[in-house]
Every structure is written in structure tokens, then in C-alpha cells.
Amino acid sequence: MGLPDLNLLRVFAEVVEAGSFTKAADRLHMSKGAVSRQVTALEESLGARLLNRTTRTLSLTREGAAVLDHAKRAVESACYAAAAASELSGNVTGTLRLAAPISFVDAEFGRVLPEFMERYPDLTVEMDLSEHMVDFVGEGYDAGIRISSMVDSSLIARQLAPVNRILCAAPTYIERYGAPESLEDLTQHRCVVNSQLRDRGHWAMRRKDGQTVSIPVSGPFIANTSVAIQPVVLAGLALQLAPDFIVYRYLREGRLVQILPDALEDIVTLHVIYADRRYLPSKVRAFVDFMVEKYGESRAPWLGV
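Residues numbered from 1 in each chain as written. Predicted model: local features only at pLDDT ≥ 70, side-chain atom pairs only at ≥ 80, totals over all residues. Heavy atoms only, no water.

**Quick notes on the confidence of the model for the protein chain**
Next up, step 1: With 91% of its residues at a pLDDT of at least 70, the protein chain reaches an overall mean of 85.
Next up, step 2: The secondary-structure element of the protein chain with the lowest mean pLDDT is helix H4 (residues 62-89), recorded at 71, while helix H6 (residues 171-177) shows the highest, at 96. (pLDDT = per-residue confidence, 0-100. Helix = DSSP H or I, 4+ residues; strand = E, 2+ residues; numbered from the N terminus.)

Below you can see the structure in the form of C-alpha cells.
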């Protein structure tokens, strides 16, 4: 019996981790049939059945469990070897799979992404956008962007710039409806509601004295992305509570005006994240360094708004 093909081991390990041929096929960018054939080819080369297959379930045989541990280590070692070779050659190549929030990419990161791609022309960037938390390791991402106060302890998180949310409105809104003079006044104003927020009908704000209050809000427009919200606010139809990275340009241009500047919200932080690996691939290192360059703790363009 010869040595099993490394690619077959990789496909087998992915099937087990994903829990199905269909999910593994999606992750590997292969057809379900091709994935199934490769697992069958591995079983034939080893002379043992590795998976129990039914129409609804997939489970490891005793032989499969033994092979899985070795398969994972073999694939991991091959990845380290490839990363080391790439690092020594100075080349940043391959495919970089990123997970990022829609709002940050649309408002800010999309502006600098072409610079990153021009800097590394041999690198392919595959970006998945979502405002929801993703299974970072399970879905096979290389790196990601997160805006939060805490990050999963199983991941490495490089802290970047702080992010604050700002109450603001267009000058035309203030001319038409006036400006709230207190947090309680917000209940009488037209507010855009972001349905992505955990409690979308309330804005949790902190007074200057440190007291936190929950303000019920409502208004003429509800949406789950800033892409739709900003035109409504800029048109003077409602006011908003938005991250500074979304509104800082409008504030500097005078198209938006900050309201109740002494009203605060707990500050969160922009992070670049990646899996806890003993050897960091050059493509991930390049992305982390780029994010620090553009959005380090004192470098982000929205700071000082």
C-alpha cells in the first residue's frame, strides 16, 4: 500500500469537520460528487471504510477516526511548509479568505482595499460580508475584521482603533424638526432604526455623569444596513445613532451635525482577527500589517471627529 494522497486527506478532513459532503463541497469550491469521489478514492487506497453514510447522517468508522487525526496533522504540516516557503521567498500568493461586516467595508475598508490588492498582485482576496458573527474557524477563514468589546478567546485579535457611535442629523432635519436638548427628547423625534441591533427599539446611552439610560426610539425608517440608512439621514428625514467610521466624512463636510455631544455610548474596538496558528502565513501577516497601517490605535481617519 502506497502513501495516501495529501489532497485526499485534506478533503476527507474537511468532510468530517463540515459534517456533510454538501458543506465540504461549498468550502472547498468543488462539486458534491467530486468530494464524494475523492473520499471513496482515499478509502480504496487505504483498503478501509472511513465513513458511515446514510441519507441523513455521516459518522466516522473506527478506522476513520484513526485516519482523521493523522490527516489533520499531515494537512497542517503541509500548510506550515507552504507558508514557510512563501515567507522565505517573499511572495504573498494564494487565496486570502476574509470575513468582515458589511457596514465597515461599505463605509471605510472598501476605500483602501484596492491599495491592498495592488500591493499584492499575486494574491486573490475572497471576502464574505455579513453583520452577523460567523463561525470563523469552522468556515475556514484566514483572517477577519470585527468590531466588538470582546473577541472569541480561541482567536488571535490585534486591537486597532476605537469605535464610538455618534448621534447626528442633517442640518435640514434640525431646521425642520429642531434639535433634541436631552436624551429624553429623542422619544419625540424621528429616528432611523437599525434592525441589526439587539434591542432595535432602544438606544442605550451613557450620560456625562456615567449613568446609563435606555431611550425608546421610533421613526419612519427601519433597515439592517447603513447602506440604506445614510441616504435617509442625509436627506433630513430622520436622525441616527451611527458608528463614527460611517459618519465622520459627512460631519467634516458639514452634511451632518453632531447632536448631544456629551451623550456617550460604551466604546467598542476594531480588531483584525485570525486563527491561533503556530506559523502565520505570509498572506495573513500582510493583511494584519496593512490593517495596522491604516487603522492602528492612533491612525484611523475617523479619530478626532
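**Quick look at the sheet that holds strand E13 (residues 257-258)**
Next up, step 1: Read from one edge to the other, the open sheet built from three strands follows the order E12-E7-E13, with strand pairing classed as antiparallel. Two strands lie at the open edges of the sheet, namely strand E12 (240-243) and E13, each paired on one side alone.
Next up, step 2: In this structure, strand E7 (residues 165-169) lies alongside E13, joined through two bridges in antiparallel fashion. The residue bridging Cys 168 from the neighbouring strand is Gln 258, located in E13. (Pairing = 2+ DSSP bridges.)

**Points about the pairing of strand E10 (residues 212-216)**
Next up, step 1: Along E10, the buried face is formed by Val 213 and Ile 215; none of Thr 212, Ser 214 and Pro 216, which line the opposite face, is buried.
Next up, step 2: Where strand E9 (residues 202-206) and E10 come together, five bridges link them in antiparallel fashion. Across the sheet, the residue bridging to His 202 is Pro 216, located in E10.
Next up, step 3: Taking the residues that link successive antiparallel strands as the turn, the E9-E10 hairpin has five residues, and the phi of Gly 210 there is positive, at about 95 degrees. (Buried < 20%, exposed > 50% of the residue type's maximum accessible area, 1.4 Å probe, protein only.)

**Description of the packing of helix H5 (residues 102-119) against helix H8 (residues 244-253)**
Next up, step 1: Viewed as axis vectors pointing N to C, H5 and H8 meet at an angle of 60 degrees, and their least axial separation amounts to 9 Å. As far as their axial angle goes, H8 and H5 are oblique. Along the contact surface, H5 presents Ser 103, Phe 104, Ala 107, Glu 108 and Arg 111, while H8 presents Phe 245, Ile 246, Tyr 248 and Arg 249.
Next up, step 2: Residue composition of the contact of H5 with H8, grouped by class: five nonpolar, one polar and three charged. (Axes fitted to C-alpha atoms, helices over the stretch in contact; angles between N-to-C directions. Parallel < 35°, antiparallel > 145°, perpendicular 65-115°, else oblique. Contact = heavy atoms within 4.5 Å. Nonpolar A, V, L, I, M, F, W, Y, C, P; charged D, E, K, R; others polar.)

**Regarding the nonpolar core**
Next up, step 1: Phe 109, Phe 287, Tyr 295 and Trp 302 are the most contacted members of the largest nonpolar core, which has 47 residues in total.
Next up, step 2: Of the residues forming this core, the biggest block, eight residues, is contributed by helix H9 (residues 282-295).
Next up, step 3: Residues in contact with Trp 302, not counting those within four places in the same chain, are Phe 104, Glu 108, Ala 161, Pro 162, Val 163, Asp 244, Phe 245, Tyr 248, Arg 252, Leu 270 and Tyr 295.
Next up, step 4: One finds Val 39, Leu 42, Leu 50 and Ala 71 within the second-largest nonpolar core, a separate group that totals 19 residues. (Core = buried A, V, L, I, M, F, W, Y, C linked by side-chain atoms within 4.5 Å.)

**A closer look at the packing of helix H1 (residues 6-18) against helix H3 (residues 32-46)**
Next up, step 1: Two elements in contact, H1 and H3, have axes separated by 9 Å at closest approach and are oriented at 115 degrees. You can see that H1 and H3 cross each other, and the crossing is left-handed. Mapping the contact onto sequence places Asn 7, Leu 8, Leu 9, Val 11, Phe 12 and Val 15 in H1 and Val 35, Gln 38, Val 39, Ala 41 and Leu 42 in H3. (Left-handed = near helix turned anticlockwise from the far one by under 90°.)

**Some details on the pairing of E7**
Next up, step 1: The element E7 is extensively covered by neighbouring structure, given that five of its five residues are classed as buried.
Next up, step 2: Here E7 shows a buried face lined by Arg 165, Leu 167 and Ala 169 and a second buried face lined by Ile 166 and Cys 168.
Next up, step 3: As paired strands, E7 and E12 are joined by four bridges and run antiparallel to one another. Bridge pairing links Arg 165 to Pro 243 in E12.

**Quick look at the sheet that holds strand E14 (residues 268-275)**
Next up, step 1: The five strands are arranged E4-E3-E5-E14-E6 in an open sheet whose pairing can be described as mixed. In this open sheet, the two edge strands, each paired with only one partner strand, are strand E4 (123-129) and strand E6 (155-163). Direction aside, neighbouring strands of the sheet carry axes that sit 20 degrees apart on average.
Next up, step 2: The sheet contact formed by strand E5 (residues 143-148) and E14 spans six bridges and is antiparallel.

**Concerning H5**
Next up, step 1: A maximum bend of about 70 degrees is found in H5 at Phe 109.
Next up, step 2: When we look at burial in H5, the residues that qualify are Ser 103, Phe 104, Val 105, Ala 107, Glu 108, Phe 109, Val 112, Leu 113 and Phe 116. (Bend = angle between axes of the 7 residues up to and from the residue.)

**Considerations on the packing of aromatic side chains**
Next up, step 1: For the coordinates displayed, the defined rule picks out ten aromatic pairs.
Next up, step 2: Residues Phe 116 and Phe 287 carry aromatic rings whose centres are separated by 5.8 Å and whose planes lie at 80 degrees to one another, so their mutual orientation is edge-to-face. Taken together, the residues span a long stretch of sequence, with Phe 116 in helix H5 and Phe 287 in helix H9 at a distance of 171 residues.
Next up, step 3: Given a relative accessible area of 1%, Phe 116 falls into the buried group.
Next up, step 4: Residue classification places Phe 287 among the buried residues on the basis of a relative accessible area of 0%. (Phe/Tyr/Trp six-rings, centres within 6.5 Å; stacked < 30°, edge-to-face > 60°.)

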